Amino acid sequence: MNRLKRAAITAATLPMMAAGPLFVGPSPTAEAATGTLTGLFGSAPRFSSVSVDGSSVCPCWNIAYDFWPGQAGIADGVDALDTWISTTWGRKTVLAFSKGTHSVLGWIRTNEDDSAAHTIRFYLLGSPETPGNNYPYEGYKFGRGLPETGDYENVTFIVRQYDGIADAPYDKFNFLALLNASVSMHLNGYDNLDLDNPDAVFIDPETGAETRYFRTDVLPILAPIDWITSDEQMAKLDALLRPLIEAAYRRPVEIPAPPYSLARQSKVVSPSFASTTEALIDDTAGDDALIDAPEPADGDMTEQSGVADYPGG
């Protein structure tokens with residue numbers, strides 16, 4: 001974004017700012033502001049439940065755009081973000097979810113020579129353009145990810161393990177992994193996240209951008225029977241199924257397996273699903289010993305440099 005364009009947009013907004021009550025958004029004197037872009041059809045996590053540095057990322061200002069499918073909607077998001085950046089004072093943070101991340105990445109690619117593309121803090125939740133992701137998508141002007149070179153340490157991808165959009169299986173013939181990824185972790189997996197405490201981290205050696213992975217302790221395909229199944233049985237099922245599912249992935253880092261004492265959630269059981277898994281539970285019931293999972297690596301984050309043979313992102 002050049003200075004003439006920024007000055008023109010700023011001048012155009014002066015009468016609106018003078019009106020006071022008509023101005024919707026952060027104050028011109030604000031020290032910091034956070035804008036959000038929702039996903040397709042306005043879907044989004046509860047941004048107020050997401051925390052950084054020990055506190056909520058909000059108050060947030062919604063950056064309204066045409067969130068319908070297609071290139072026109074993505075382009076409208078690019079323009080809306082451009083206007084918000086140009087008319088917002090102070091330190092800026094942007095959180096985008098799913099389709100909204102296409103607009104953010106499109107804006108960055110369009111403005112890669114602008115210092116703002118390298119200084120604004122961007123958190124991209126559930127992005128189809130996550131580095132190494134194998135989900136087919138249509139980015140802004142059919143582009144993909146960040147520019148290949150440049151310093152983008154200000155950009156962080158946030159991924160919930162087994163999110164079928166942002167963490168798609170590489171092996172499309174692994175039916176179990178596809179079934180597991182089809183359960184809706186994309187829509188409900190990003191609430192109440194502490195972005196400073198991921199389970200694994202990948203730093204792109206070319207751009208410096210981070211991808212922070214948050215483990216899913218209960219396999220999505222097992223969640224419907226979790227509340228009626230003992231810890232021991234859930235541990236056996238997880239130890240049986242998780243390696244088969246993980247074999248379908250080629251992430252740039254390994255996400256540690258969960259301690260089974262944490263792999264408990266309260267879910268509503270699906271009778272049809274329960275009937276399909278009854279035989280599997282019975283098969284494991286005769287085992288005397290609990291199958292142990294590997295302990296997580298020391299520390300909250302795992303880091304690995306370099307990615308090989310990763311399509312996408």
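Here goes a summary of the coordinates provided. (Residues numbered from 1 in each chain as written. Predicted model: local features only at pLDDT ≥ 70, side-chain atom pairs only at ≥ 80, totals over all residues. Heavy atoms only, no water.)

Two elements in contact, helix α2 (residues 71–87) and helix α3 (residues 99–110), have axes whose closest approach is 8 Å; the angle formed by their N-to-C orientations is 60 degrees. With respect to α3, the axis of α2 lies oblique. The chirality of how α2 crosses α3 is right-handed. Contact with α2, carried on its side by Gly 73, Ile 74, Gly 77, Val 78, Leu 81, Asp 82 and Ile 85, involves Lys 99, His 102, Ser 103, Val 104, Gly 106 and Trp 107 of α3 and no other residues of that element. Of the residues contributing to the contact of α2 with α3, the split by class is six nonpolar, five polar and two charged. (Axes fitted to C-alpha atoms, helices over the stretch in contact; angles between N-to-C directions. Helix = DSSP H or I, 4+ residues; strand = E, 2+ residues; numbered from the N terminus. Parallel < 35°, antiparallel > 145°, perpendicular 65-115°, else oblique. Left-handed = near helix turned anticlockwise from the far one by under 90°. Contact = heavy atoms within 4.5 Å. Nonpolar A, V, L, I, M, F, W, Y, C, P; charged D, E, K, R; others polar.)

On to the nonpolar core. Residues Val 104, Trp 107, Ile 108, Phe 122 and Val 155 are the most contacted members of the largest nonpolar core, which totals 27 residues. Of all the elements in the fold, those that place two or more residues in this core are β1 (32–37), α2, β5 (91–97), α3, α4 (116–119), β6 (121–125) and β7 (155–160). Tallying contributions element by element places α2 first for this core, with six residues. Counting residues in hydrophobic clusters, the runner-up holds 20 residues, among them Phe 47, Ala 166, Phe 202 and Tyr 213. (Core = buried A, V, L, I, M, F, W, Y, C linked by side-chain atoms within 4.5 Å. Buried < 20%, exposed > 50% of the residue type's maximum accessible area, 1.4 Å probe, protein only.)

Across the five residues of β6, four count as buried, placing the element largely inside the fold. Sheet topology note: the β5/β6 ladder contains five bridges and is parallel. Along β6, the bridge assignment pairs Leu 95 with Tyr 123. When β6 meets β7, the two strands line up parallel, connected through four bridges. Paired with Leu 125 across the bridge in β7 is Ile 158. (Pairing = 2+ DSSP bridges.)

We now examine the side chain of Thr 93. Topologically, Thr 93 is positioned in strand β5. Ignoring sequence-local partners within four residues, the contact set of Thr 93 consists of Ala 33, Thr 34, Gly 35, Trp 84, Arg 121 and Tyr 123.

Time to look at a nonpolar patch on the surface. Residues Leu 40, Phe 41 and Trp 68 make up a contiguous nonpolar surface patch of roughly 320 Å² in combined accessible area. With respect to the element layout, Trp 68 can be found in the loop between β4 (61–62) and α2. (Patch = residues over 30% accessible without salt bridge, like charges linked within 9 Å, V, L, I, M, F, W, Y side chains within 5 Å. Areas by Shrake-Rupley, 256 points an atom, 1.4 Å probe, with all protein chains shown as cover. Salt bridge = Lys/Arg side-chain N within 4 Å of Asp/Glu carboxyl O.)

Next up on the list: the pairing of β1. Most of β1 is tucked away: five of the six residues are buried. Looking at chain direction, β1 and β4 are connected through two bridges and run parallel. In the strand pairing of β4, Gly 35 is matched with Trp 61.

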